[in-house]
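As a plain string of letters, each chain reads:
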Amino acid sequence: MMTTRKLSLLCAALTALILSPLAQAKDEGLYLGVSLGAATINQEGSDPDLGDFEIDSSDFAWKVFAGYQFNGVLAVEGGYRELGSAENSLVKTDPYGIDVFVIGGIPLGPLRGFGKIGGIYWDNDTDFADTSISDDGFDLAAGLGLEFELGSFAIRGEVEYLDVLDETWMYTLGATFTF
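Residues numbered from 1 in each chain as written. Predicted model: local features only at pLDDT ≥ 70, side-chain atom pairs only at ≥ 80, totals over all residues. Heavy atoms only, no water.

**A closer look at the nonpolar core**
So, point 1. If you look at the biggest cluster of nonpolar residues, it comprises 22 residues, and the most contacted ones within it are L83, I103, I120, L162 and V164.
So, point 2. For this core, the secondary-structure elements that each account for two or more residues are β1 (29-47), β2 (51-69), β6 (96-108) and β7 (111-127).
So, point 3. Of all the elements, β2 adds the most residues to this core, at four residues.
So, point 4. Those residues in contact with V164 that sit more than four places away from it in its chain are L83, P95, I120 and W122. (Core = buried A, V, L, I, M, F, W, Y, C linked by side-chain atoms within 4.5 Å. Buried < 20%, exposed > 50% of the residue type's maximum accessible area, 1.4 Å probe, protein only. Helix = DSSP H or I, 4+ residues; strand = E, 2+ residues; numbered from the N terminus. Contact = heavy atoms within 4.5 Å.)

**Quick word on the pattern of salt bridges**
So, point 1. Applying the stated criterion to the full structure yields twelve salt bridges.
So, point 2. For D99, the salt bridge is made with R81, and the minimal N-O distance between the two is 2.7 Å. Of this pair, D99 sits in strand β6 while R81 sits in strand β3 (residues 74-82); the two residues are 18 residues apart in sequence, bridging distant segments of the chain.
So, point 3. A residue is classified by how much of its surface remains accessible, and D99, at 7% relative accessible area, is buried.
So, point 4. For R81, a relative accessible area of 1% translates into the label buried.
So, point 5. Residues R112 and E149 are paired through a salt bridge, measuring 3.3 Å at the closest nitrogen-oxygen approach. On the criterion of sequence distance, the pair formed by R112 in strand β7 and E149 in strand β8 (residues 132-150) is long-range, its members being 37 residues apart. (Salt bridge = Lys/Arg side-chain N within 4 Å of Asp/Glu carboxyl O.)

**Considering the side chain of T168**
So, point 1. Turning to its location among the elements, T168 is positioned in strand β10 (residues 167-178).
So, point 2. Using a relative accessible area of 0% as the deciding quantity, one classes T168 as buried.
So, point 3. Of the polar contacts made by the side chain of T168, one reaches the backbone oxygen of V164; its length is 3.0 Å.
So, point 4. When near neighbours in sequence (up to four residues on either side) are disregarded, T168 contacts A39, T40, I41, L83, E160, Y161 and L162. (Polar contact = N/O pair within 3.5 Å; in protein donor to acceptor, adjacent residues only side chain to side chain.)

Structure representation (structure tokens):
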């Protein structure tokens with residue numbers, strides 16, 4: 001007759017055996033991806049003719065990216081992103097950027113939580129009624145995300161902070177394919 005302890009160990013072993021294929025880490029190798037969503041841009045500034053201004057608005061945003069997954073927990077990634085246009089009655093701004101990240105992930109079965117930190121080279125044109133100002137820089141970028149993996153294909157949701165203008169947040173849903 002089987003004791004409760006032996007039965008518990010048998011159930012745990014069978015559960016581990018059944019779930020072990022689901023607990024595998026993300027495929028290693030080169031991956032490509034695309035994400036769509038929104039960016040919220042905050043910018044404060046001044047113009048000699050118009051005076052001080054503030055923009056705080058959201059618009060459609062997107063990004064394309066490529067990376068290399070070294071193992072289940074470490075990857076590097078770079079991409080191009082359009083952050084949409086933000087405007088008020090006096091000013092319109094149109095930033096975009098090229099970024100690079102180091103990504104650390106935690107495989108949780110078919111889910112993988114990840115955090116990323118890196119930098120973004122951004123360029124922005126701020127248009128006023130009769131003039132335009134161009135600005136650029138290289139600044140901090142960071143984010144958090146969750147990825148649902150189905151073999152080489154994954155669906156990912158992300159929230160990213162970009163130190164573009166005064167503050168930019170990007171919220172996206174996308175997909176990746178690992179080769």
